[in-house]
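# A closer look at the structure
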Amino acid sequence: MLKYLAPLCLVLCLGATAHAGSIGETAGKDLFELTLDQQFLLPFLGHFALVAGLYIWLTWERQTALRKGEIKPAAFVNANADPERSKRVARNLSNQFELPVFALFAAAIIYQSGRIEAIDIAAAWLFLIGRLIHTGVQTLTTNVPLRGLVFLINFVAVVILMGRVAQGVFL
């Protein structure tokens, strides 16, 4: 199922970019002609696509477990009732609303400031890449030390973004 997640993210991101003409000024532009604002926001749209893909994957895993009789519907009343296959997907989905909240907060402040710079765009893409790798490691392996190392990618990106917010506020 994960092999479909990355293409889904790409399609959703590119679709959002293509339709941004009604929101912004992207009509007729290709991916390399995006404004700084668009280059900055695209990774966050990618993160949304990742989350949407995880919801779809989790639903699929849970429905499969129900059909196979591995679990009863009432079991989902309690947290952590998922079968092993879907438990890691559910945990990763929860992770998408922990550290990323700070990245999204920083992105909103930076975007509102109207002073997006190359470092902001790089940090935004680093954040998305880190999230994608973290999702793969957490959902497809049990390698917790590797997951911790991969988490550092996201953490560094968020520290950069929050540092830029602090710079904008205090300097």
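Quantities reported herein were computed from a predicted structural model and do not represent experimental measurements. (Residues numbered from 1 in each chain as written. Predicted model: local features only at pLDDT ≥ 70, side-chain atom pairs only at ≥ 80, totals over all residues. Heavy atoms only, no water.)

A tally of helices and strands in the chain yields 6 helices and 0 strands. By residue count, 37% of the 171 residues in the chain fall in the buried class. Counting only carbon and sulfur atoms, one obtains 68% of the accessible surface of the chain, whose full area is about 9,900 Å². (Helix = DSSP H or I, 4+ residues; strand = E, 2+ residues; numbered from the N terminus. Buried < 20%, exposed > 50% of the residue type's maximum accessible area, 1.4 Å probe, protein only. Areas by Shrake-Rupley, 256 points an atom, 1.4 Å probe, with all protein chains shown as cover.)

Turning our attention to the pattern of salt bridges. Under the criterion given, the structure shown has 7 salt bridges. Measuring nitrogen to oxygen at the nearest pair gives 3.3 Å for the salt bridge that ties Glu-70 to Arg-85. Of the two residues, Glu-70 sits in the loop between helix H2 (36-67) and helix H3 (84-95) while Arg-85 sits in helix H3, which places them 15 residues apart along the sequence. For Glu-70, a relative accessible area of 41% gives the class partly exposed. In this structure, a network of salt bridges that share partners links the residues Glu-61, Glu-70 and Arg-85. (Salt bridge = Lys/Arg side-chain N within 4 Å of Asp/Glu carboxyl O.)

When you line up the elements, Asn-92 lands in helix H3. The contact partners of Asn-92, leaving out residues within four places of it in the chain, are Leu-54, His-134, Thr-135, Gln-138 and Thr-139. (Contact = heavy atoms within 4.5 Å.)

What tends to happen in soluble globular proteins is that the nonpolar side chains get buried as a cluster. Residues Phe-40, Phe-44, Ala-103, Ile-110, Phe-127 and Leu-161 are the most contacted members of the largest nonpolar core, which totals 16 residues. Listing elements by their share of this core, those giving two or more residues are H2, helix H4 (99-113), helix H5 (118-140) and helix H6 (144-170). In contact with Phe-40, other than residues within four places in its own chain, are Ala-107, Ile-110, Tyr-111, Ile-116, Asp-120, Ile-121, Ala-124 and Leu-161. Ranked by size, the runner-up nonpolar core spans 8 residues in total, among them Leu-50, Val-51, Leu-54 and Val-89. (Core = buried A, V, L, I, M, F, W, Y, C linked by side-chain atoms within 4.5 Å.)

On to the packing of aromatic side chains, then. Tallied over the entire structure, the rule returns 3 aromatic pairs. Note on Phe-40 and Phe-44: the rings are 5.4 Å apart at their centroids and 70° apart in plane angle, and the pair reads as edge-to-face. In this pair, Phe-40 and Phe-44 both sit in helix H2, 4 residues apart, roughly one turn of the helix. For the pair formed by Phe-40 and Phe-44, the shared burial category is buried. Joined through ring pairs, the aromatic side chains of Phe-40, Phe-44 and Phe-127 make up one cluster. (Phe/Tyr/Trp six-rings, centres within 6.5 Å; stacked < 30°, edge-to-face > 60°.)

Per-chain confidence: the chain averages 85 in pLDDT, with 81% of residues scoring 70 or above. Scored below 50 in pLDDT, residues 1-24 shows 31 contacts in the model against residues more than four places distant or in partner chains. (pLDDT = per-residue confidence, 0-100.)

To continue, consider the packing of H3 against H5. Remark: H3 packs on H5, axes separated minimally by 8 Å, with the N-to-C direction vectors making an angle of 155°. On the basis of their axis angle, the class for H3 and H5 is roughly antiparallel. Note that H3 runs across H5; the crossing there is right-handed. In this structure, H3 uses Arg-88, Val-89, Arg-91, Asn-92 and Asn-95 to contact H5, whose residues at the interface are Arg-131, His-134, Thr-135, Gln-138, Thr-139 and Leu-140. (Axes fitted to C-alpha atoms, helices over the stretch in contact; angles between N-to-C directions. Parallel < 35°, antiparallel > 145°, perpendicular 65-115°, else oblique. Left-handed = near helix turned anticlockwise from the far one by under 90°.)

Along its 15 residues, H4 runs 22 Å from first to last C-alpha, staying within 8% of the 21 Å computed at 1.5 Å per residue. For H4, the full list of buried residues reads Leu-99, Pro-100, Ala-103, Ala-106, Ala-107 and Ile-110. For H4, the angular spread of buried residues about the axis comes to 120°, placing them on one side. Looking at the buried side of H4, the elements it contacts are H2, H3, H5 and H6. Note on H4: the residue one or two positions beyond its end, Gly-114, has a positive phi of about 75°. (Expected span 1.5 Å × (residues − 1). Arc of directions from axis to C-beta.)

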